[in-house]
Amino acid sequence: MAKVKTGAALVIIAAVAAASAAGSFLYVNNGKKAFRAAEADLPESAISTYLEDIRNGHYDQIYEDSLTVAPHLNSKEDYTTALQDIYRGISLDALSFVAEETDEDGDARYALVYDHEKIAEVKVKKGKDGLYHASTIFSGDNDYRIEVPDGMTLYVNGIAVDKSYCVDKDGRSENFHGLNNWNDAPKCDVYEIDNLLGEPEVSVKETGYSTLTDVSTGTIYVGKTAKGTELAETMASYAQIIAQFPAQESTLGQVGAISVTASDWYSRIRTMQNAWFSVHNVSRFDNVKAFNIIQQDDKTAVGYVTFDYYAANSEVSRTWHAGYQMSLLKVNGTWRIAGMAIDSELNPLKEKNY
């Protein structure tokens, strides 16, 4: 039997010990990796990542995750503000979460609880990358009707809106609903967008288009931005004739000459009492401006008009700061009023009305 020298024996023992320690280290390290991998495969891991992003202010990443976990049409700014409002003054370390439900697709919902109170609801969804992602579920209270020229792709806050939001693919523009002949109203696709956190930015892919918000209904119209001065000059001129009618400075015949008489608009103004205005011998219009004019098709237009109307007699004087929304229809080559709405809020001097 061969003898082993003491020095060599110590080397061998040290080597075996080192190998044993290395094996133990690899076993423990691999165990930790396996644990982390298993943990990452749990839905709850996404909530930890989500809260860490909140802690570090990674709102861009949170917003991008939200669009895949629970698609919505809110802007990044509105979404971030809503998140900051939720977690302001909250200690993230003191948060807990409680499973609420899991749907048939495997997406889970959790309640985030702070100081025994539910402060938010989070949805967790497995992404295409195989990892779970979390997103806060908001229920906004802003709903909008948007009318877009036939066949155009609508964008809300820079996000393309799919056809599931379209409630009428063969609609007619709401601002022309008072026409007796409904076929004269522009055709449009009607979208209804709900649960928004704030007012949306609305656009279409095509260039040269802008929007106008109806002062009566809040509907957002999309149309070609009017070019040139013809429509602005026409609307400004027509607004003065309409404003003069209750002051008995223009006649019903003059109003009829600039109106679509087969319309609810004309029926209402034709029967309007205009004998209540004080007798006056001085009047004038100042600051007459037509703006934000769009064309929903080639034979229609809608825009705003503001003006200041001054009237006086020997005893009293007053200035009205007025605003109109005017919809025009081209009839036999001539623009005529097809609908009107009054809103002094359009006028920058509105606070001086009394």
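All of these numbers come straight from a predicted model, not from anything done at the bench. (Residues numbered from 1 in each chain as written. Predicted model: local features only at pLDDT ≥ 70, side-chain atom pairs only at ≥ 80, totals over all residues. Heavy atoms only, no water.)

**Concerning the pairing of strand E5 (residues 142-149)**
Point 1. In the sheet, E5 pairs with strand E9 (residues 187-196) via 7 bridges, with the strands oriented antiparallel. Residue pairing for E9: Arg145 is matched across the bridge by Glu192. (Pairing = 2+ DSSP bridges. Helix = DSSP H or I, 4+ residues; strand = E, 2+ residues; numbered from the N terminus.)

**What to know about helix H5 (residues 230-244)**
Every α-helix winds through 3.6 residues per turn, so residues three or four apart in the chain are directed the same way.
Point 1. Taking 1.5 Å per residue as the helical rise, H5 with its 15 residues ought to reach 21 Å, and the 22 Å between its terminal C-alpha atoms agrees with that figure.
Point 2. Considered for burial, the residues of H5 that qualify are Leu231, Thr234, Met235, Ala236, Tyr238, Ala239, Ile241, Ile242 and Ala243. (Expected span 1.5 Å × (residues − 1). Buried < 20%, exposed > 50% of the residue type's maximum accessible area, 1.4 Å probe, protein only.)

**Some points on the environment of Val113**
Point 1. Checked against the element boundaries, Val113 lands in strand E2 (residues 108-114).
Point 2. Taking the relative accessible area as the measure of exposure, Val113 reaches 18% and is therefore buried.
Point 3. Through-space distance from the C-alpha of Val113 to that of Leu95 is 5.7 Å; in sequence the pair is 18 residues apart.

**As for the state of the cysteines**
Point 1. If you walk through the whole model with that rule in mind, you get 0 disulfides.
Point 2. With no disulfide partner, Cys166 has as its closest neighbouring cysteine sulfur the one in Cys188, 8.9 Å distant.
Point 3. For Cys166, a relative accessible area of 12% gives the class buried. (Disulfide = S-S within 2.5 Å.)

**Here's the deal with the sheet that holds strand E4 (residues 132-136)**
Point 1. Pairing within the open sheet is antiparallel, and its 4 strands lie in the order E1-E2-E3-E4. What marks the edges here is a single partner per strand, and that holds for strand E1 (96-102) and E4. The mean inter-strand angle of the sheet, taken between neighbouring strand axes irrespective of direction, is 30 degrees.
Point 2. Taken strand by strand, helix H2 (residues 43-56) contacts E1, E2, strand E3 (117-126) and E4, and its axis lies near 55 degrees from that of E4.
Point 3. Running over the sheet, helix H3 (residues 59-69) touches E3 and E4 and is turned about 100 degrees from E4. (Axes fitted to C-alpha atoms, helices over the stretch in contact; angles between N-to-C directions. Contact = heavy atoms within 4.5 Å.)

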